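A structural walkthrough
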Amino acid sequence: MSQVEKRAGLLRRTSSSKKPLKEKVVLMYDEIFAKEDPAKNNPRFWDELFLMKVNLEYLESKLESVDGEEVQRIQDNINSLFHHCVQALGEEHQIKVVNALQTLCALFRGVHQKNKSASGFDIINMLMGFDKAEQRMKDLMERLDSLLCGDGSESLKSLCLKLLLCLVTVTDNISQNTILEYVMINSIFEAILQILSDVSSRGQHGYDAVVLLALLVNYRKYESVNPYIVKLSIVDDEPTLDGMGMVVHQALTEYNRQYKDKEEENQGGFFSTLTSMVGSMFIADADEKLSVQTNEAILLALYEAVHLNRNFITVLAQSHPEIDIATTPTPPTRPHPQHHLAPLMNNPELPLDPNLQTSNLLITFLKYASIVMQDTKDEHRLNSARLCLIILTCIAEDQYADAFLHDDNMNFRVNLHRMPMRHRKKAVDKNIPSRPLVCAVLDLMVEFIVTHMMKDFPMDLYLRCVQIIHKLLCYQKKCRIRLHYTWRELWSALINLLKFLLSNETTLLAKHNIFHLALLVVNLFNMFITYGDTFLPTSNSYDELYYEIVRMHQVFDNLYCMVLRVSTNTGQWKEAASKVTHALVNVRAIINHFNPKIESYAAVNHISQLSEEQVLEVVRSNYDTLTLKLQDGLDQFERYSEQPKEAAFFKELVRSISLNVRKNVSLNTLSQDVLLKEFSTIS
Amino acid sequence: MVVQSQSIWRKPTDTGSSSPSLSVCSSPSLSLPSTPSSSSCPAPGPAPSGTPPLGVISEGPGELSLVIDAEVAQRACQEVLQKVHISLMYQNRVDVGGSQNGAGPEPALSVTIVKPAQIQIREVEDDPGSVKSARRRQRHNPSKQSWLLRLFESKLFDVSMAISYLHNSKEPGVQAYIGNRLFSFPHDDVDFYLPQLLNMYIHMDEDVGDAIKPYVVHRCRQSISFSLQCAWLLGAYSSDMHISTQRHSRGTKLRKLILSDELKPAGARARRDPLALTPFCPAVSGSGEHGLSPSKRTHQRSKSDATVSISLSSNLKRTASNPKVESSQDEPVRLAPQREFIKSLMGIGKRLATLPTKEQKTQRLISELSLLNHKLPARVWLPTAAFDHHVVRVPHTQAVVLNSKDKAPYLIYVEVLECENFETSSVPIRIPENRIRSTRSVENLPDCGMTAEQRAGSFSTVPNYDNDDEAWSVDDIGELQVELPELHTNSCDNISQFSVDSITSLESKEPVFIAAGDIRRRLSEQLAQTPTTFKRDPEDPSAVALKEPWEEKVRRIREGSPYGHLPNWRLLSVIVKCGDDLRQELLAFQVLQQLQSIWEQERVPLWIKPYKILVLSADSGMIEPVVNAVSLHQVKKHSQLSLLDYFLQEHGSPTTEAFLSAQRNFVQSCAGYSLICYLLQVKDRHNGNILLDAEGHIIHIDFGFILSSSPKNLGFETSAFKLTTEFVDVMGGPDGDMFNYYKMLMLQGLIAARKHMDRVLQIVEIMQQGSQLPCFHGSSTMRGLKERFHMSLTEEQLQLLVDQLVDGSMRSLTTKLYDGFQYLTNGIM
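Not measured: the values here are computed from a predicted model. (Residues numbered from 1 in each chain as written. Chains lettered and ligands numbered in written order. Predicted model: local features only at pLDDT ≥ 70, side-chain atom pairs only at ≥ 80, totals over all residues. Heavy atoms only, no water.)

**Concerning the overall build of chain B**
What chain B contains, in helices and strands, is 36 helices and ten strands. Buried positions account for 54% of the 829 residues belonging to chain B. Taking the intrachain contacts of chain B between residues at least 6 apart in sequence as the baseline, contacts between residues at least 24 apart amount to 79%. (Helix = DSSP H or I, 4+ residues; strand = E, 2+ residues; numbered from the N terminus. Buried < 20%, exposed > 50% of the residue type's maximum accessible area, 1.4 Å probe, protein only. Contact = heavy atoms within 4.5 Å.)

Shown next, in the form of structure tokens:
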């Protein structure tokens, strides 16, 4: 729908300004759509055509207006046009190259628009002709490859990438875009890598290159061998991987900055609120949508890199002091946050926020995630949040990533965004201590847990969240890392989650298997109870764990009653619930052991309300008479695998990204007047 | 015998004809060192050694032996030289008496004369300087110098003498000769005096410069590190000149020449082995050109060329992964990688200085270094290291910012791979940080090398490769092998293993029970086991890093390094100083090293630790850190103990072997540094500048205030050296044996130092030339230094002096005041 509207709008604009004249190029297009071979009367027809400024709208609408039978008639001419476009790409005359690229864009789009339901083969036939398709596409890809890798104009390279993006997103479902089969055979992967490895070209085209790569990787991902997947997974050239990380980093930073600006705006006085309201009437809507779509594509690229390429994990921790970034040329279209930081280097105020000076992809990503996860009602944001958690899952499973997450020498202050809530004050950002990065991850998880207990319960996100915590704990247990983290916050968040599940049992059970989540949560406690000696930071923290369990014993009691009730009934949750009853054995043992002790202590000492210290004292002196049961497989977890569980999600995600990219590309490709001017002056 | 010897010593007074055997052989070797005959001198006259006419000069027949007391001889030589030097001051007159005096009253003199056959003088023939000097030499009366020549040719004539002669002689011929003679000394010996040589080159007259230049140029051709060393020192020591003269000065020109890299490798030659130095022999090349012509290059040479070019490009970008770029990179990169490396390190220091807090500095440092890592390995090295190596990685998370008020010195650890020769050995290939994972991507993915034909048209479904279980199975957490430290706890019985590995076997249905008390107990036990470290303090990040035992740190870093498995892996560390002038430090290092070798030679068990200094410019440089040592300030701050109690804590009770040896080390090092502090007038001796190593030695660092300079304060630190009651307590109190031992060591050390005073003075004196350094402020620097050796005192008087110094320092109120002052102003305890 939006496509049609846009085109209509654009048509109107051009037609109003150019109505009286019929451009020469339009006449030439008409000739192509006539029956005759246009070169018959004018042997220099094709030469002349590519010297003419392209009228994309006309060409596209013409292609669309062609109906079934006509197609047969003009197919030869269209094939010829395609052929000459590809040939023109090899021309020295840059104007011709530009025009050919744009014409190709129009061709791909127009033909697809027309034949939405047609099979890929028909489209290929119409564009290139079956017999020649392979050769044509080979030529096209080779030309594009050499244009992208050559020393030519940057605008030309940018246009090449736009053409490729246009081609890749021309169908809603990327896997149905049969032409891409030729892009698989004639890989432009190396050209993309080259763009990413070079500092200046990365600055100008990095974003498009990364998005293109992310999309190509998702072509028939689950059905066939996609060479882009294979190649991406074996890249080990650090400058290239860094380049990719840098592009993602900059895009996410930009989003974070925009968000922060907006947030500050909203918190400003009445006047600023007013102006922002007025301003938002014009731009905010478009702007916001733009940023969301941007980030989904980038996030997908980040996911593919993290998931497919193990070497990329090191890039996550790669620090980027802003000095280095400031020296890289920045693309004219996207203002870069670093750009505006660099001149402020000498500003005495600025260095007070250390995050401005040293950041890395992981920190930026965590901040981004903290923003996106705040509000998951919007579908785009929900998708982003889910993808963020999937990426974190991959990171938490990776040994190297875990190593630097827990590195005691790499301390950072990470200012996560926290949702403003009625019952808590906004955290004072300045006081966040510098800690290993894993603390920020745990903070983020805790934050999510406490802020999303709502009626429209995001069960899927909660499961991922709890599993990420579990994976981190497994690593800590295995490596005996005693993280100085305020575990208490996590415990109370988890207990509150259990409480929420209990009080909304009926509504939740209609949609979700709450027992699975409850089991995971209880098993987190079991990790602490049975293996606490291997990863807790102090002996006091073990006492505190017991204190917290005993203090909140009612939640566990109620949970036990509930799961017992469900497991004794016959129903679909019987088995799931009985698992939880078994998992609760140690928690219940603790409660049953200490509660009488505490009560008798209070009775003996005639105290009605025991202080925390007194309870801890009771706990400390009564360990020895408590026996716990060792449970199986507490430190085992199911590894993340994209297929088959996540396949549907990614299919949908790629589809929505394709739509967004297509929308953006069409806008950008059409505004190439500047580019034409550039070349007309050169030649 | 006696007569014979007399005739020799009388030689200079003759007209040169009375002793033909001498002049025949000696004059060609002196005046024609560059002709072919010199290298193949047939030695027609005296045999190399021991031949009656020239061999040994001695008084009695009983001493007719080749084994002479080197010490005595050397001293004698020096005295002779001293006097000869005086005589040469008046070179226009034939000062017969002076020379006679020089020879006459020296009864104990024994000199072994060696023949020039062993003195290989190599020279670049077309060097205008040497031609000129050769001509000049012939102008002078050769007879006048021939006896001197004998000394020069003698075995005892060492670098120290050569340098002092070069400095003191005003005779161009002599200077030119010594310039040539430098070629025959071992490289390492000359390298020690490199600052002196270059300072003379910069600041003394043309003749000295002309004499030194060929040697420097020759060495630069041979070695990249020598080239850079020279360039850095030339820059640093030229900086005190007025800016207008500096630009056109000789030193600046030579520096430019070196840095322009026109001094390319000279030819196939075993570079590092002084023994393998073959004399230059023009007969081989046959042409008039010097033997550095390409025609002489051997296959070895071409090999080294190739490897030299595999190196960093000028922007320090690693090109190893891209062979095409490499091969196109040619010669100009000879010096570039190392210069870029150093420049990067300095750039980091400059940027760190702009950040306000230690925490920010540390964070920034780590991130900057991680970027630096991307450009490694490369043909770069740490000049402070004692062996050849290539830097492969900087474990960036280990770097720490050191405590300094306004500058940002920092300490980095550097992983290197030892190699034969850093110039010719090939640069190690890069191993990615995550080497373990590199196996996965390649092996677990199905072959993707499908041909286009196979793929074309075949849109059929191909088996899915994306089997995550397989793809990710290489290194997941589940399979992670963790080496757990041996647990020595008793309560860790058979149950304890359950906390390590969970039971996954499904057969055992029997439930396993554990006691909660055990878990709790294990937790506290394991926490107690972690070794005592200083607590992490964001304001003093270096304390933790420095407290960790070096061996431990090496092991830890090695484990985490992708290069750690290589047998030639080594860990080095270096302090990078940016904004500090290290020239005084270098001077102090040289004096310390000279004194160390004097004490070693004299078998006085004084202990000092000269740490290497690299001067990069007048305001930057690098320092070799003292490993396993923390400052007294850090000791006191973190342990909150007195020094003696800290010793007891670290080494055990006073009667144990460990404590006693630590105490002995403490005393020996105290004595050494007390003398150093006295002789060099080292000031600013607060506890932050005194380190304590793991064996109990103290080590003084920071020689920013020596000789004539002292910190501008209220006349504090008037005592000779720092000797607090805490120090004396560690020694066992002022009445203990160890304290007496301390004083005795000082006396012995002073006597030994006095004996070789000239070797110390010479280092300082030459560096004074043209220097604006604060340590040379005023006119009495040298006189004061000389006086502190107390040449005139008897040993009894010296002992008295030492007692006075020690008493004075102990009673000194100012030391205590100074510590208080430092505590108030800099927070140093």
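**Some thoughts on the pattern of salt bridges**
A full pass over the atoms with the stated rule returns 50 salt bridges over all chains. Between Asp460(A) and Arg386(A) there is a salt bridge, with its nearest N and O atoms 2.4 Å apart. With Asp460(A) in helix H25 (residues 459-479) and Arg386(A) in helix H22 (residues 379-397), this pair connects stretches of sequence that are 74 residues apart. Given the relative accessible area of 24%, Asp460(A) is considered partly exposed. One salt-bridge network, held together by shared partners, links Asp543(A), Glu613(A), Glu617(A), Arg620(A) and Arg520(B). (Salt bridge = Lys/Arg side-chain N within 4 Å of Asp/Glu carboxyl O.)

**Quick word on the packing of helix H29 (residues 539-551) of chain A against helix H32 (residues 585-605) of chain A**
Residues and elements named next belong to chain A. Between H29 and H32, the least distance of the axes is 9 Å, while the angle of their chain directions is 85°. If you check the angle between H29 and H32, you find them roughly perpendicular. Listed contacts from H32 to Tyr546, Ile549 and Val550 of H29 are Val587, Ile590, Ile591, Phe594, Asn595 and Ile598. Class assignment for the residues of the contact of H29 with H32 results in eight nonpolar, one polar and no charged. (Axes fitted to C-alpha atoms, helices over the stretch in contact; angles between N-to-C directions. Parallel < 35°, antiparallel > 145°, perpendicular 65-115°, else oblique. Nonpolar A, V, L, I, M, F, W, Y, C, P; charged D, E, K, R; others polar.)

**Focus: the pairing of strand S3 (residues 627-630) of chain A**
Residues Leu628(A) and Leu630(A) line the buried face of S3(A), whereas the alternating positions Thr627(A) and Lys629(A) sit on a face that is not buried. In this sheet, strand S4 (residues 512-515) of chain B lies alongside S3(A) in antiparallel orientation, the contact comprising four bridges. Paired with Leu630(A) across the two strands is Val512(B), which belongs to S4(B). (Pairing = 2+ DSSP bridges.)

**Focus on the packing of helix H27 (residues 583-601) of chain B against helix H33 (residues 757-768) of chain B**
Residue and element names in this part refer to chain B. The interhelical angle for the contact between H27 and H33, taken along N-to-C directions, is 165°, at an axis separation of 9 Å. Compared by their axis directions, H27 and H33 come out roughly antiparallel. Once H27 is placed against H33, the crossing between them reads as right-handed. Residues Leu587, Gln590, Val591, Gln594, Leu595, Ser597, Ile598 and Gln601 of H27 form the contact with H33, whose participating residues are Arg759, Val760, Ile763, Val764 and Met767. A class-by-class count of the residues in the contact of H27 with H33 yields eight nonpolar, four polar and one charged. (Left-handed = near helix turned anticlockwise from the far one by under 90°.)

**Points about the environment of Ser656(A)**
All names here are of chain A. Along the chain, the position of Ser656 falls in helix H34 (residues 647-670). As a C-alpha pair, Ser656 and His380 span 276 residues in sequence and 8.8 Å in three-dimensional space. Residues in contact with Ser656, not counting those within four places in the same chain, are Glu296 and His380.

**Here's the deal with the packing of aromatic side chains**
Aromatic ring pairs: the centre-centre distance and the angle between the two ring planes describe each pair. All names here are of chain A. Tallying each qualifying case throughout the model produces 33 aromatic pairs over all chains. Ring plane angle 85° and centroid distance 5.6 Å describe the contact between Tyr546 and Phe594, whose orientation is recorded as edge-to-face. Of this pair, Tyr546 sits in helix H29 while Phe594 is found in helix H32, placing the two residues 48 residues apart along the sequence. Looking at Tyr546, the relative accessible area reads 0%, which means it is buried. An aromatic cluster is present here, built from Tyr485, Trp487, Trp491, Phe528 and Phe535 joined pairwise through their rings. (Phe/Tyr/Trp six-rings, centres within 6.5 Å; stacked < 30°, edge-to-face > 60°.)

**Regarding unusual backbone geometry**
Residue Gln643(A) is joined to Pro644(A) through a cis peptide bond whose omega torsion reads 0°. Mapped onto the fold, Pro644(A) is located in the loop between S3 and H34. Backbone geometry places Arg480(A), a non-glycine residue, at a positive phi of 55°. Looking at where Arg480(A) falls in the secondary structure, it is placed in the loop between H25 and helix H26 (487-503). Even without being glycine, Asn628(B) reaches a positive phi, approximately 55°. Inspection of the secondary structure assignment puts Asn628(B) in the loop between strand S7 (620-623) and strand S8 (629-631). The class of Asn628(B) is partly exposed, set by a relative accessible area of 29%.

**Some thoughts on the nonpolar core**
Core analysis: the largest hydrophobic core is formed by 239 residues, its most contacted members being Phe515(A) and Tyr546(A). If you tally residues by element for this core, the top one is helix H28 (residues 514-535) of chain A, at 15 residues. Counting the residues that make up this core, at least three belong to each of domain 1 (24-186 + 655-682) and domain 2 (486-638) of chain A. Contact partners of Tyr546(A), with chain neighbours within four places excluded, come to Ile529(A), Ile590(A), Phe594(A), Val619(A), Tyr623(A), Leu626(A), Leu628(A) and Ala516(B). Listed in part, the 180 residues of the second largest apolar core include Ala162(B), Ile348(B), Ala671(B) and Leu745(B). (Core = buried A, V, L, I, M, F, W, Y, C linked by side-chain atoms within 4.5 Å. Domains from an automatic or database assignment.)

**Re helix H29 (residues 643-651) of chain B**
An α-helix turns once every 3.6 residues. As a result, residues three or four positions apart point the same way. Residues and elements named next belong to chain B. Those residues of H29 lying buried are Leu643, Tyr646, Phe647 and His651. The buried side chains of H29 occupy one side of the element, clustering within an arc of 105° when seen end-on. Elements that come into contact with the buried residues of H29 comprise helix H25 (541-547), helix H28 (632-639), helix H30 (657-680), strand S9 (690-693) and helix H31 (725-730). (Arc of directions from axis to C-beta.)

**Let's talk about the sheet that holds S8(B)**
Residue and element names in this part refer to chain B. Spatially, the three strands line up as an open sheet ordered S8-S9-S10, and their pairing is antiparallel. Of all strands in the sheet, those bounded by a partner on one side alone are S8 and strand S10 (698-700). With direction set aside, neighbouring strand axes in the sheet form an average angle of 35°. Pairing analysis gives three bridges linking S8 to S9, with the strands arranged antiparallel. Looking at the pairing, Ala629 lines up with Asp693 of S9.

**Side note on the side chain of Glu304(A)**
All names here are of chain A. Structurally, Glu304 can be placed in helix H16 (residues 270-308). Judged by its relative accessible area of 1%, Glu304 is buried. With sequence-adjacent residues up to four places away left out, Glu304 is seen in contact with Val217, Asn218, Lys221, Leu232 and Asn309.

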